[in-house]
Amino acid sequence: MPFGILYISEGIPFGFTSIAMVAFMRQEGVSLEQIGAFVGAMFLPWAFKWAWAPLVDLVRLDRWGGRRAWILGCTTMMLVTLLVTASIDAQANFSWLLVMVVLHNFFCATQDVAIDSLADMEVLFEGIPLDLAALVAGCTRREAAEQLHLSLNTVKTYARRAYRCLGVSTLSEAIERCSALGIDLEGVRGADPVAASS
């Protein structure tokens, strides 16, 4: 549900600029060539978001909430650029309108990347709190199996799955990777592995 709301918050301004503003511009007598340039400018950031998408993972902003800070920052800038765009006279300042539309959609596309990244991490770790609780708590696999009332092979399977998801091969690498991804392990370390498995 929260991700649905985030995607809607991204889509409403995009819908406004792609449909309502185009209709308004046509009603105000803006030429079809200018409207075509407007629509092209609107889609330009979406076509090249792959170029700056890695920054969302590289610039972590942990102090302000990681990917959530990216989402909040982009949402704020989307609102600002949308308000500025709404105040521009399309006939008199068409160049400024194009600049603001590109900026607005840059923030929309970046927000989309941040939401996707956050959603990927949520889905990635949705099925493995047990893995992290057992492994990060510092247990050996045999100890984890005993605490969780699972077979050693099951715990090994969970461990392999967690490591594969993280792209690591050791516990220390897993802890380091979780930290780099902005995943809070403090709650997991203190968690009762038996409770985490239920």
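Residues numbered from 1 in each chain as written. Predicted model: local features only at pLDDT ≥ 70, side-chain atom pairs only at ≥ 80, totals over all residues. Heavy atoms only, no water.

## Observations concerning helix α1 (residues 2-27)
The end-to-end C-alpha separation of α1 is 37 Å, in line with the 38 Å expected for 26 residues at 1.5 Å each. At methionine 21, α1 shows its maximal bend, which comes to roughly 30 degrees. All of the buried residues in α1 are Glu10, Pro13, Thr17, Ser18, Met21, Val22 and Met25. Following α1 by one or two positions, glycine 29 has its phi on the positive side, about 90 degrees. (Helix = DSSP H or I, 4+ residues; strand = E, 2+ residues; numbered from the N terminus. Expected span 1.5 Å × (residues − 1). Bend = angle between axes of the 7 residues up to and from the residue. Buried < 20%, exposed > 50% of the residue type's maximum accessible area, 1.4 Å probe, protein only.)

## Structural notes on the environment of aspartate 57
Topologically, aspartate 57 is positioned in helix α3 (residues 49-58). Classification of aspartate 57 by relative accessible area gives partly exposed; the value is 39%. When the C-alpha atoms of aspartate 57 and leucine 118 are compared, they prove to be 9.9 Å apart, with 61 residues separating the residues in sequence. What aspartate 57 contacts, discounting residues up to four positions off in sequence, is Arg67 and Ser117. (Contact = heavy atoms within 4.5 Å.)

## Considering the nonpolar core
The biggest cluster of nonpolar side chains holds 13 residues, and the ones touching the most others in it are Met25, Val30, Phe38, Phe94 and Leu97. Listing elements by their share of this core, those giving two or more residues are α1, α2 (32-47) and α5 (94-126). Here the element with the most residues in this core is α5; it accounts for four residues. (Core = buried A, V, L, I, M, F, W, Y, C linked by side-chain atoms within 4.5 Å.)

## Let's talk about the packing of aromatic side chains
Summed over all chains, the structure comprises three aromatic pairs. Ring plane angle 70 degrees and centroid distance 5.3 Å describe the contact between phenylalanine 106 and phenylalanine 107, whose orientation is recorded as edge-to-face. Phenylalanine 107 gets classed as buried once you look at its relative accessible area, which sits at 15%. Among the aromatic side chains, those forming a connected cluster through ring pairs are Trp52, Phe106 and Phe107. (Phe/Tyr/Trp six-rings, centres within 6.5 Å; stacked < 30°, edge-to-face > 60°.)

## Concerning the packing of α1 against α2
One way to put it is that α1 packs onto α2 with a least axis distance of 9 Å and a crossing angle of 170 degrees. Taken together, the axes of α1 and α2 lie roughly antiparallel to each other. Listed contacts from α2 to Glu10, Phe14, Thr17, Ser18, Met21, Val22, Met25 and Arg26 of α1 are Leu32, Ile35, Phe38, Val39, Met42, Phe43 and Trp46. Per-class residue counts for the contact of α1 with α2 are eleven nonpolar, two polar and two charged. (Axes fitted to C-alpha atoms, helices over the stretch in contact; angles between N-to-C directions. Parallel < 35°, antiparallel > 145°, perpendicular 65-115°, else oblique. Nonpolar A, V, L, I, M, F, W, Y, C, P; charged D, E, K, R; others polar.)

## A short note on the pattern of salt bridges
Applying the stated rule across the entire model yields one salt bridge. One salt bridge connects aspartate 112 with lysine 49, and the closest N-O pair in it is separated by 2.3 Å. Separated by 63 residues along the polypeptide, aspartate 112 in helix α5 and lysine 49 in helix α3 bring together distant segments of the chain. Considered together, aspartate 112 and lysine 49 belong to a single accessibility category, that of buried residues. (Salt bridge = Lys/Arg side-chain N within 4 Å of Asp/Glu carboxyl O.)

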